[in-house]
Amino acid sequence: MTSTTSTEGQPQVHGIAPHGGTLVDLRVPPEQVAAVKAGVDRVLECSDRNACDVELLMVGGFSPLRGFMHEEDYLAVVSGHRTTSGLLFGLPVVMDTDDDTIAPGDRLLLTYRGQDLAVFTVESRWEPDKVREAAGCYGTTSIEHPAVRMICGERGRFYLGGALQGLELPRRVFPCQTPAEVRSQLPASEDVVAFQCRNPIHRAHYELFTRALHATNVSANAVVLVHPTCGPTQEDDIAGEVRFQSYERLAAEVENPRIRWAYLPYAMHMAGPREALQHMIIRKNYGCSHFIIGRDMAGCKSSLSGDDFYGPYQAQDFARDQATELGMETVPSLNLVYTEEEGYVTAEHAEARGLHVKKLSGTQFRQMLRSGEEIPEWFAFRSVVDVLRAV
């Protein structure tokens, strides 16, 4: 059950307590923006990934962090998924640069596509051991892993830590509500089940997260927060703007009062177990008490061999082991299949009853999309298909 507090004359707090106990908001009042920007030493343009991290820091998605991690916390998270204070964190949150003239004490204006996002006071700078980082965070040093390629090929030579003062949130095609805004729409004293995804939602996904509301460890009047990541993901994933359109159309089509929809400005690492923990921490800050852990969550394959970097239940097991300390509960995703006789049921039920299972692979689905073939509605929602075909 989600915890709420209420004092006379004050509204109830919706959702469980944030990570570390405090929901951070680093944005300065509008009347202070000019003063905060005055005297900055230089301008640093954010990458798409940087902008996602800056936004989540500003609005409290990474609570209780008040800026980018210092080297000590970075090393602690890399080696043991905890900060030096012992607080769980799946992945380090750092700023990067190739500029070797940036030094502690500098005040940087962080910009992004013509916007002034934040003022960053550099308090530490170091040259990371990226091989160590890859091994600790991703379980591999192979550049066939997308995140290993990212930290080695995209991130700069130096990492920076320090405090952040937020000026303006990035303007995006997909509007991203803050944790406080999402929490304000959650029911008081009820569980909130988070569903993370990075692809368009099809029928099996919908069945999975709506059935999670009936799990034995979920309250009777709980809601599910469908909270897709719309930042950078894998190179071959559908663009965030397209995914956003598909979610909006689907929300209008199903009109389910027990579903809340919001979008997360997060850049995927495809880090399997570590990323599952990071997602749980973020969703806790958005007010979620439960988290659906799917098979091979945030997993990826070798770009050469096609082999999986993580076991099918590795993320699920790791997240479950951390859930109690986080004050959350996990809801394992059901292995659902579609049958001619009974519609969507668990694979175990279908096998026990000898039901006829219908299958459609992702490759077949994409071929049917391109060719204009009729796609069965048991597999995909009509509204989602329309969006994908319009690309």
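Just so you know, these numbers come straight off a predicted model, no measurement behind them.

(A) Representation of the overall build of the chain in the model. For the chain, the helix and strand inventory stands at 13 helices and 14 strands. Its C-alpha radius of gyration of 21 Å places the chain within 12% of the 21 Å reference for a compact globule of 391 residues. Expressed along its principal axes, the backbone C-alpha trace of the chain runs to roughly 70 × 60 × 40 Å. Considering only contacts within the chain whose residues lie at least 6 apart along the sequence, 73% involve residues at least 24 apart. When the accessible area of the chain is evaluated, it comes to approximately 17000 Å², of which 48% is carbon and sulfur surface. Counting 37 positive and 52 negative side-chain charges, the chain places the averaged centre of each group 2 Å from the other.

(B) Summary view of the packing of helix H12 (residues 362-371) against helix H13 (residues 382-389). The geometry of H12 relative to H13 is characterised by a closest axis approach of 10 Å and an angle of 65° between their N-to-C directions. Between H12 and H13, the angle falls in the class roughly perpendicular. For the pair H12 and H13, the crossing hand works out as right-handed. Side by side, H12 and H13 meet where Phe365, Met368 and Leu369 of the first sit next to Val385, Leu388 and Arg389 of the second. Among the residues forming the contact of H12 with H13, the class breakdown is 5 nonpolar, no polar and 1 charged.

(C) Representation of the packing of helix H9 (residues 273-285) against helix H10 (residues 314-326) within the structure. Packing of H9 against H10 brings their axes to within 8 Å, and their N-to-C directions diverge by 40°. In this view, H9 runs oblique relative to H10, as classed from their interaxial angle. Relative to H10, the crossing made by H9 is right-handed. Within the contact between the two elements, H9 uses Pro273, Arg274, Ala276, Leu277, Met280, Ile281 and Lys284 and H10 uses Gln314, Ala315, Phe318, Ala319, Gln322, Ala323 and Leu326. Across the contact of H9 with H10, the residue classes break down as 10 nonpolar, 2 polar and 2 charged.

(D) Molecular detail of the sheet that holds strand E14 (residues 357-358). If you trace the 3 strands from one edge of the open sheet to the other, you get E13-E12-E14, paired in antiparallel fashion. Edge positions in the sheet fall to strand E13 (343-346) and E14, since each has one partner strand and no second. Looking at chain direction, strand E12 (residues 336-339) and E14 are connected through 2 bridges and run antiparallel. Note that in E14 the partner of Thr339 across the bridge is Val357. With respect to the sheet, helix H7 (residues 203-211) is in contact with E12 and E13, its orientation differing from that of E13 by roughly 55°.

(E) Expanded view of the confidence of the model for the chain. Within the chain, residue pLDDT values average 93, and 96% of them lie at 70 or more. A low-confidence stretch, residues 1-11 stays under pLDDT 50, and its non-local contacts, those more than four residues away or across chains, total 23 contacts.

(F) Broad picture of the sheet that holds strand E9 (residues 259-261). Ordered by their spatial adjacency, 5 strands build an open sheet running E9-E8-E7-E10-E11, and the pairing between neighbours is parallel. In this open sheet, the two edge strands, each paired with only one partner strand, are E9 and strand E11 (329-332). Sheet twist, expressed as the mean angle between neighbouring strand axes with direction ignored, is 30°. Bridge count for strand E10 (residues 290-293) against E11 is 4 bridges, and the pairing is parallel. When the bridges of E11 are listed, Ile293 appears paired with Pro332.

(G) Summary view of the pattern of salt bridges. Within this structure, the stated rule accounts for 18 salt bridges. A salt bridge links Glu55 to Arg172; the nearest nitrogen and oxygen atoms lie 2.9 Å apart. Taken together, the residues span a long stretch of sequence, with Glu55 in helix H2 (residues 48-59) and Arg172 in the loop between strand E6 (158-166) and helix H6 (179-184) at a distance of 117 residues. Note that Glu168 and Arg171 form a salt bridge whose closest N and O atoms lie 2.9 Å from each other. Glu168 sits in the partly exposed class, given a relative accessible area of 32%. One continuous salt-bridge network, built from bridges that share partners, spans Arg203, Glu374, Glu377 and Arg382.

(H) Just the pairing of E10, in detail. Every second residue of E10 is oriented toward a common face, with His290 and Ile292 on one face and Phe291 and Ile293 on the other, all of them buried. Read from E10 through H10 to E11, the crossover connection turns out right-handed.

Thresholds, definitions, all that
Residues numbered from 1 in each chain as written. Predicted model: local features only at pLDDT ≥ 70, side-chain atom pairs only at ≥ 80, totals over all residues. Heavy atoms only, no water. Helix = DSSP H or I, 4+ residues; strand = E, 2+ residues; numbered from the N terminus. Rg over C-alpha atoms; globule rule 2.2 N^0.38 Å. Contact = heavy atoms within 4.5 Å. Areas by Shrake-Rupley, 256 points an atom, 1.4 Å probe, with all protein chains shown as cover. Lys, Arg positive; Asp, Glu negative; His and termini not counted. Charge placed at Lys NZ, Arg CZ, Asp CG, Glu CD. Axes fitted to C-alpha atoms, helices over the stretch in contact; angles between N-to-C directions. Parallel < 35°, antiparallel > 145°, perpendicular 65-115°, else oblique. Left-handed = near helix turned anticlockwise from the far one by under 90°. Nonpolar A, V, L, I, M, F, W, Y, C, P; charged D, E, K, R; others polar. Pairing = 2+ DSSP bridges. pLDDT = per-residue confidence, 0-100. Salt bridge = Lys/Arg side-chain N within 4 Å of Asp/Glu carboxyl O. Buried < 20%, exposed > 50% of the residue type's maximum accessible area, 1.4 Å probe, protein only. Right-handed = clockwise from strand over helix to strand, strands pointing away.

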